[in-house]
Structure formats: structure tokens, C-alpha cells
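# Architecture at a glance
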Amino acid sequence: MKLTRGVFLLLFLGIATAGSASGQMIRGQIVEAGTENPLWGAFVVLLDEEGVRRGATLTDSQGRFTLRSPRPGRYSLRVERIGFATTFSPAFDFVSGEYVVPPIVAPIEPIHLEGITASGSGRCRTPREAGAETSVLWEEARKA
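Residues numbered from 1 in each chain as written. Predicted model: local features only at pLDDT ≥ 70, side-chain atom pairs only at ≥ 80, totals over all residues. Heavy atoms only, no water.

In terms of strand pairing, strand β2 (residues 43-48) meets strand β3 (residues 53-58) through five bridges, oriented antiparallel. By the bridge assignment, L46 is partnered in β3 with G55. Hairpin connection, β2 to β3: the antiparallel pair is bridged by four residues, and G51 has positive phi, about 85 degrees. (Pairing = 2+ DSSP bridges. Helix = DSSP H or I, 4+ residues; strand = E, 2+ residues; numbered from the N terminus.)

The next thing to look at is the pattern of salt bridges. Scanning the entire structure with this criterion turns up four salt bridges. Of the charged contacts, one joins D93 and R74 as a salt bridge, the two residues approaching to 2.9 Å between their closest N and O atoms. Of the two residues, D93 is situated in strand β7 (residues 92-94) and R74 in strand β5 (residues 73-81); the sequence distance between them amounts to 19 residues. Its relative accessible area of 47% is what places D93 among the partly exposed residues. Among the ionic pairs, R78 bridges to E80, the shortest N-O distance being 3.5 Å. (Salt bridge = Lys/Arg side-chain N within 4 Å of Asp/Glu carboxyl O. Buried < 20%, exposed > 50% of the residue type's maximum accessible area, 1.4 Å probe, protein only.)

Our next topic: the side chain of Q24. For Q24, the location among the structural elements is in the loop between α1 (5-22) and β1 (25-32). With relative accessibility at 17%, the residue Q24 sits in the buried group. Polar side-chain contacts of Q24 include one of 3.3 Å to the backbone nitrogen of G97. The contacts of Q24, once residues within four sequence positions are left out, are L67, R68, S69, F94, S96 and G97. (Polar contact = N/O pair within 3.5 Å; in protein donor to acceptor, adjacent residues only side chain to side chain. Contact = heavy atoms within 4.5 Å.)

So, about the nonpolar core. In terms of nonpolar packing, the biggest core is built from 17 residues, with I30, V44, L46, L77 and F92 touching the most fellow members. Counting residues per element, the ones that place at least two in this core are β1, β2, β4 (64-68), β5, β7 and β9 (104-106). A total of three residues in this core trace back to one element, the largest contributor, which is β5. Apart from residues no more than four positions distant in its own chain, I30 is found in contact with N37, P38, L39, V44, T59, G63, F65, V79, I104 and A106. (Core = buried A, V, L, I, M, F, W, Y, C linked by side-chain atoms within 4.5 Å.)

Let's shift gears to the confidence of the model for the protein chain. The pLDDT averaged across the protein chain works out to 82; a share of 76% of its residues lies at or above 70. The low-confidence segment residues 6-22 (pLDDT under 50) makes two contacts with residues lying over four places distant or belonging to another chain. (pLDDT = per-residue confidence, 0-100.)

With that settled, consider the side chain of T87. Relative to the helices and strands, T87 resides in strand β6 (residues 84-88). In this view, T87 contacts L77, R78, V79, I104, V105, A106 and P107; residues no more than four positions away in its chain are not counted.

With that out of the way, let us pick up the packing of aromatic side chains. The full count for this structure, using the stated rule, is two aromatic pairs. Residues Y75 and F92 carry aromatic rings whose centres are separated by 6.5 Å and whose planes lie at 40 degrees to one another, so their mutual orientation is tilted. Taken together, the residues Y75 in strand β5 and F92 in strand β7 connect sequence positions 17 residues apart. Of the residues examined, F92 reaches a relative accessible area of 4% and is grouped as buried. When the centroid spacing of 4.7 Å and the interplanar angle of 5 degrees are considered together, the rings of F92 and Y99 count as stacked. Taken together, the ring pairs in this structure connect Y75, F92 and Y99 into an aromatic cluster. Stacked on the ring of W40, the Lys or Arg R81 has its end atom at 4.7 Å from the ring centre. (Phe/Tyr/Trp six-rings, centres within 6.5 Å; stacked < 30°, edge-to-face > 60°. Lys NZ or Arg CZ within 6 Å of the ring centre and 35° of its normal.)

Printed below as a string of C-alpha cells:
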């Protein structure tokens, strides 16, 4: 089979692009404040300058993560996990290849909820003052 210049060029560009795209990685580690133990199962989100989500992943058992960057630019990371404060990394410039983010420390943030009293009635009603607590609970559940 004879390859024409155009077919050869397309194959070459396809291979070159695939190689460079796989190398566009942002790596890092999340640790717990105080103990600096790895924070496994944390949700790490790659945000562009406008705060738009460009990628996301979970940390492994060593608190490490790898994210693929869609393109060069200025990014930051948002880290979430139940029982920990939502944490943001400082903004960083990603050019190409691989970027290693310094360890991100996530502060422990206990979730305080008032006791729940159950009673029966014919209709479901939520008192106005319970709205804020319910919002906190839903926000923590969303992280899961």
C-alpha cells in the first residue's frame, strides 16, 4: 500500500497530537490539616480563571490526584470532602506538559446540626428557621 504525503501527514499529526494531549497533566496531593495525613476520596475540581469547571477527579488512598488540562491557561483547584472545609488552591499558570501542585491542606470542619425531633402530622411543613440547617446538610450531602 502506497501512502500519499497527505495521508502520511495526517497520521503523523494524529500521533503527535495524541502524545502531547496525554502529557497535559496536573498532579498533586491533598492532606488533612494538623496531621498532614493523605486525604483519600476528596473531590478535586479544576477551575479556569472564570471559575468554570474544566475537570474533576477523586483522590486515591495516598491523597494523590491527576487531572488532564484541556489547554494552557490559569487555573485553580477546589477540594471538597464531607467533614472538611471546602478548600481552594492558589491560582497557577499551566503552560504544557506536567504541572505538580504543592500539597493542598484541607482543614477539618465538623458538621454541627441541632438535634432532630420527629412528630407526625398530615402535611409536610418546614419551619423557616430550619431552612439554613437543611441547606448546610444538603451542601454536605452534595459533596458525597
